[in-house]
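Residue strings, one per chain:
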There are 2 protein chains.
Amino acid sequence: MSHILIGLDEIRAAAAALPPQVRRTPLLPLVEELPGGGSLHAKCENLQQTGSYKLRAAFTALMRLSPEERARGAALSSSGNFAAAFAWAGQTLDIPTTVVMMQKTQPYKIERTRQMGARVVLCENRFEARFETLKRLASEEGLVAIDHLEDRSVLCGHGTVGLEIVEDLPDVEVVLVPVSTGGLLAGVAAAIQALRPQVEVLGIQPEGNDSTWRSLQAGHPVSVPEVQTLCDALTSTRPGNLPFAHIQALVSGIERVAETEIVRAVHWLADSAKLVVEPGGAVGVAHLRPWAGVPRLAGRKVCVLLSGGNLAPERLAGFLTCSQGKLPA
Amino acid sequence: MSHILIGLDEIRAAAAALPPQVRRTPLLPLVEELPGGGSLHAKCENLQQTGSYKLRAAFTALMRLSPEERARGAALSSSGNFAAAFAWAGQTLDIPTTVVMMQKTQPYKIERTRQMGARVVLCENRFEARFETLKRLASEEGLVAIDHLEDRSVLCGHGTVGLEIVEDLPDVEVVLVPVSTGGLLAGVAAAIQALRPQVEVLGIQPEGNDSTWRSLQAGHPVSVPEVQTLCDALTSTRPGNLPFAHIQALVSGIERVAETEIVRAVHWLADSAKLVVEPGGAVGVAHLRPWAGVPRLAGRKVCVLLSGGNLAPERLAGFLTCSQGKLPA
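What counts as what
Residues numbered from 1 in each chain as written. Chains lettered and ligands numbered in written order. Predicted model: local features only at pLDDT ≥ 70, side-chain atom pairs only at ≥ 80, totals over all residues. Least-squares fit on C-alpha atoms with pLDDT ≥ 70 in both. Contact = placed C-beta atoms within 7 Å. Helix = DSSP H or I, 4+ residues; strand = E, 2+ residues; numbered from the N terminus. Nonpolar A, V, L, I, M, F, W, Y, C, P; charged D, E, K, R; others polar. Buried ≥ 20, exposed ≤ 12 C-beta atoms within 10 Å, placed from the backbone. pLDDT = per-residue confidence, 0-100. Pairing = 2+ DSSP bridges. Axes fitted to C-alpha atoms, helices over the stretch in contact; angles between N-to-C directions. Core = buried A, V, L, I, M, F, W, Y, C linked by C-beta atoms within 7 Å. Expected span 1.5 Å × (residues − 1). Parallel < 35°, antiparallel > 145°, perpendicular 65-115°, else oblique. Right-handed = clockwise from strand over helix to strand, strands pointing away. Domains from an automatic or database assignment.

Student: Just checking my understanding: could you explain the relation of the copies chain A and chain B for this structure?
Tutor: Between the two chain copies there is a screw-like relation: a rotation about an axis and a shift along it. With an RMSD of 0.0 Å, chain A superimposes on chain B once it is rotated by 180° and translated 0.0 Å along the axis. Both chain copies can therefore be described as sitting about a two-fold axis. Across chain A, the rotation axis passes nearest the C-alpha of Ala317 of chain A, at a separation of 2.1 Å.

Right, dumping it as structure tokens:
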């Protein structure tokens, strides 16, 4: 199956259409001088309204609906961050929203989604069950089901993050992006490669869910049977077909990081960088820690995308107090 | 005693002289629409290098030393944040630094100061003992003692934060500033009042140390006998004379906040704003929480100065897990 990749014009159109509720998140220095040379910067989508980058795609996907579709309402499946963003954007645009979530979703994220105004429909703990439930809601209730894996407007919304990275750090050399469905990586890579083809865009996955890494090895999207990761935002058991086509064409590679390094990264970000970042958002820092560990990136200007900051306060406390190298309870 | 207040030219000169190691910290939206109208923004000096605004004054104070003075080395007394900043700036400028700290200082802050390259000299747990020890070091060892309460260059360094607030939020209406010696409030008020005389600059103190509030009531600097506050960055038992003169002339007032509200503010900043802010840096948010609580500020564009983010990870964990309204262990 061949896919037409999203283009710079589409991403720019999505950026121009973003409402003022979407924050222009800061691009901050994290470490001005890394031990082996080079510097580390962060695109802080954890500071985005609703706590993750997903708000961009939520607006992009909802705003393209016709008045008739808006009246029917829209549905999406999500592990949490897209859910909150979708609910919030729906409330802002006065579009009723329904979110399908797996029963095992963190109660914190379910509660946030409800607080932000969406109806939550729980489904069994199977990645594919989310899509089956979505399909049922579309046929039974007439909701507009948005397939976040394959929706072109979703990728364009994600791509707006890439535009801002290049605008705010024009001489960036390496960009590290968390990977679950691969959508964020695809959108960001499309924007950055169009503007700066020499920049290396790398995807980062936790060892507990390396489905896109495996897919790249296989040459086509494959599923992992089970996901065992602290990163509750990175639970997609397979990449989307459309994201995967972008990743094959535009991305330098996928790196995997150990779960214990992710704990250290969340800890370091709170303690040293004063930023609350959820485990799935911290995988880029986990890849670089300890700083001397990635000789290939030495001397280069690196930007990590901190994709989200939504973790329950008591869970963050666990990350702050567990012994280094251990996993929090 | 009359004091010549610092002027805009001096503050601008300090800003122009700041080295690139001092970060231009972001001014971020925290709440775009407050319940009673208006909006809340934050000047994020918790994201400053060394974790607090003190780095600006540390450079300003050290850079004005002559080559001969630099060779002798410089000394300062500090509760922690100025210590770390002073050590770091000294190491950057190749000036040996000594910091006098009270024995009760958080071990976390003592350790950080040493890690950043300063010698630490501990003194007894009396605010005035810090100055006595400083004096002794100056006479016995020939160190250049910087009196952070009365040093003009320190206030000018602090004032650079005020310049950036006005540059980045030109239509700001109210600025809330944490108060200990009053130096930060003095410097920020001097910059802002010179540029925007209509802006209301308010100082905020914890109930456990309201020395500057008492001083304003008395009409002259007074000491409080004892300080009992969670805000280990706000432990000065009296305002400096020079800062106090600025505060009398330029500031709309001092407000006091309950310690329990400070706990809620640290919690809210981490949970909702995804920012790690230490208790002393969170007093502005504590004053505004719950949002409907300050009718006088309703409908206005408010900026809180988040002055620092240095608290031990296990202490932050305590703030995140203690019951609302209780003080952490």
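Student: Hey, could you run me through the interface of chain A and chain B in this one?
Tutor: Size of an interface: often given as the accessible area lost when the parts come together. The interface is formed by 20 residues belonging to chain A together with 20 residues belonging to chain B. Elements that contribute at least two residues to the side of chain A that touches chain B include exactly strand S1 (27-31), helix H11 (259-271) and helix H13 (313-321) of chain A. Residue composition of the side of chain A that touches chain B, by class: 11 nonpolar, five polar and four charged.

Student: I'm lost on unusual backbone geometry in this one. Help?
Tutor: Across the chain, the bulk of peptide bonds are trans and the bulk of non-glycine residues have phi less than zero. Arg289 of chain A connects to Pro290 of chain A through a cis peptide bond whose omega is -15°. In this fold, Pro290 of chain A is placed in the loop between helix H12 (283-288) and strand S10 (301-306). The phi torsion at Asp94 of chain A lies on the positive side, around 60°, for a residue other than glycine. Along the chain, Asp94 of chain A falls in the loop between helix H4 (81-93) and strand S4 (97-102). Residue classification places Asp94 of chain A among the exposed positions, given that 8 C-beta atoms sit within 10 Å. Within the chain, Lys274 of chain B stands out as a residue other than glycine whose phi angle is a positive 60°. Relative to the helices and strands, Lys274 of chain B is located in the loop between helix H11 (259-271) and helix H12 (283-288).

Student: How should I be thinking about the confidence of the model for chain A in this particular structure?
Tutor: Do not read the fine detail of predicted coordinates wherever pLDDT is low. Model confidence for chain A is summarised by a mean pLDDT of 95, while 99% of its residues fall at 70 or above. Both confidence scores are given for the complex: pTM 0.96, ipTM 0.95.

Student: How should the sheet that holds strand S9 (residues 253-257) of chain B be read in this particular structure?
Tutor: Within a sheet, adjacent strands bond to each other through the backbone by hydrogen bonds, running parallel or antiparallel. Residues and elements named next belong to chain B. Across the sheet, which stays open at both edges, the six strands sit in the order S1-S2-S10-S7-S8-S9 with mixed pairing between neighbours. A single partner strand is all that each edge strand has here, and the edge strands are strand S1 (27-31) and S9. Pairs of neighbouring strands in the sheet enclose a mean axial angle of 30°, with direction left out of account. Relative to strand S2 (residues 39-44), S1 runs antiparallel, the two sharing four bridges.

Student: What am I meant to see in the environment of Lys43 of chain A here?
Tutor: In this fold, Lys43 of chain A is placed in strand S2 (residues 39-44). With 29 C-beta atoms packed within 10 Å, Lys43 of chain A lands in the buried category.

Student: Is there a simple way to think about the nonpolar core in this case?
Tutor: What tends to happen in soluble globular proteins is that the nonpolar side chains get buried as a cluster. Formed by 213 residues in total, the largest nonpolar core has its most connected members in Val175 and Val188 of chain A together with Val175 and Val188 of chain B. The contacts of Val188 of chain B, once residues within four sequence positions are left out, are His158, Gly159, Val161, Gly162, Val175, Val177, Val201 and Leu305 of chain B.

Student: What's the story with the sheet that holds strand S7 (residues 174-178) of chain A in this structure? I'm lost.
Tutor: Residues and elements named next belong to chain A. Spatially, six strands are ordered S1-S2-S10-S7-S8-S9 in an open sheet, and the strand pairing comes out mixed. Both outer strands of the open sheet, S1 and strand S9 (253-257), are each paired with one neighbouring strand and no more. Between one strand and the next, the sheet's axes are offset by a mean angle of 30°, whatever the strand orientation. Sheet topology note: the S2/S10 ladder contains six bridges and is parallel. What sits directly across from His41, in S10, is Cys303. Together, S1, S2, S7 and S10 form the strand contacts of helix H7 (residues 152-168), whose direction differs from that of S2 by roughly 140°. Strands S7, strand S8 (200-206) and S10 of the sheet are contacted by helix H8 (residues 183-195), whose axis makes an angle of about 160° with S7.

Student: Help me understand helix H4 (residues 81-93) of chain B in this model?
Tutor: Helical geometry: 3.6 residues make up each α-helical turn, so side chains three or four residues apart lie on a common side. All names here are of chain B. Along its 13 residues, H4 runs 18 Å from first to last C-alpha, staying within 8% of the 18 Å computed at 1.5 Å per residue. For H4, the buried fraction is high: 10 of the 13 residues fall into the buried class. Regarding H4, the residues found buried are Asn81, Phe82, Ala83, Ala84, Ala85, Phe86, Ala87, Trp88, Ala89 and Gly90. Residues of H4 that are buried make contact with helix H2 (54-63), strand S3 (74-77), strand S4 (97-102) and helix H5 (107-115). Note on H4: the residue one or two positions beyond its end, Asp94, has a positive phi of about 65°.

Student: Please explain the environment of Asn125 of chain B as it appears in this structure.
Tutor: Residues and elements named next belong to chain B. Tracing the sequence through the fold places Asn125 in the loop between strand S5 (119-123) and helix H6 (127-141). Judged by the 12 C-beta atoms lying within 10 Å of it, Asn125 is exposed. The spacing of Asn125 and Met101 is 24 residues in sequence and 8.7 Å in space, taken between C-alpha atoms. When neighbours within four sequence positions are excluded, Asn125 is seen to be in contact with Met102, Gln103 and Lys104.

Student: Please explain the packing of H4 of chain B against H5 of chain B as it appears in this structure.
Tutor: Relative orientation and spacing of two packed helices are given, respectively, by the angle between their axes and the distance between those axes. All names here are of chain B. The N-to-C vectors of H4 and H5 enclose an angle of 10°; their axes lie 8 Å apart at closest approach. Between H4 and H5, the crossing angle belongs to the class labelled roughly parallel. Contacts from Ala83, Ala84 and Ala87 in H4 reach Lys109, Arg112 and Thr113 in H5. Grouping the constituent residues of the contact of H4 with H5 by class yields three nonpolar, one polar and two charged.

Student: Would you mind going over the pairing of S3 of chain B with me for this structure?
Tutor: Across a regular strand the side chains alternate sides, sitting on one face of the sheet and then on the other. All names here are of chain B. The alternating pattern of S3 places Ala74 and Leu76 on one face and Ala75 and Ser77 on the opposite face, and all of these are buried. Relative to S4, S3 is paired through four bridges, and the arrangement is parallel. Looking at S4, one finds that Ser77 is bridged to Val100. The parallel pair S3 and S4, bridged by H4, forms a crossover whose chirality is right-handed.

Student: Is there a simple way to explain the domain arrangement of chain A in this structure?
Tutor: Residue and element names in this part refer to chain A. One can read the domain layout of chain A as domain 1 (8-52 + 152-321) and domain 2 (55-145). Centre-to-centre, using C-alpha coordinates, domain 1 lies 23 Å away from domain 2. Contacts between the two partners involve 26 residues from domain 1, matched on the other side by 19 residues from domain 2. For the side of domain 1 that touches domain 2, the elements supplying multiple residues, two or more each, are helix H1 (8-17) and H7. With seven residues, H7 is the single largest residue contributor to the side of domain 1 that touches domain 2. Across the side of domain 1 that touches domain 2, the residue classes break down as 10 nonpolar, 15 polar and one charged.

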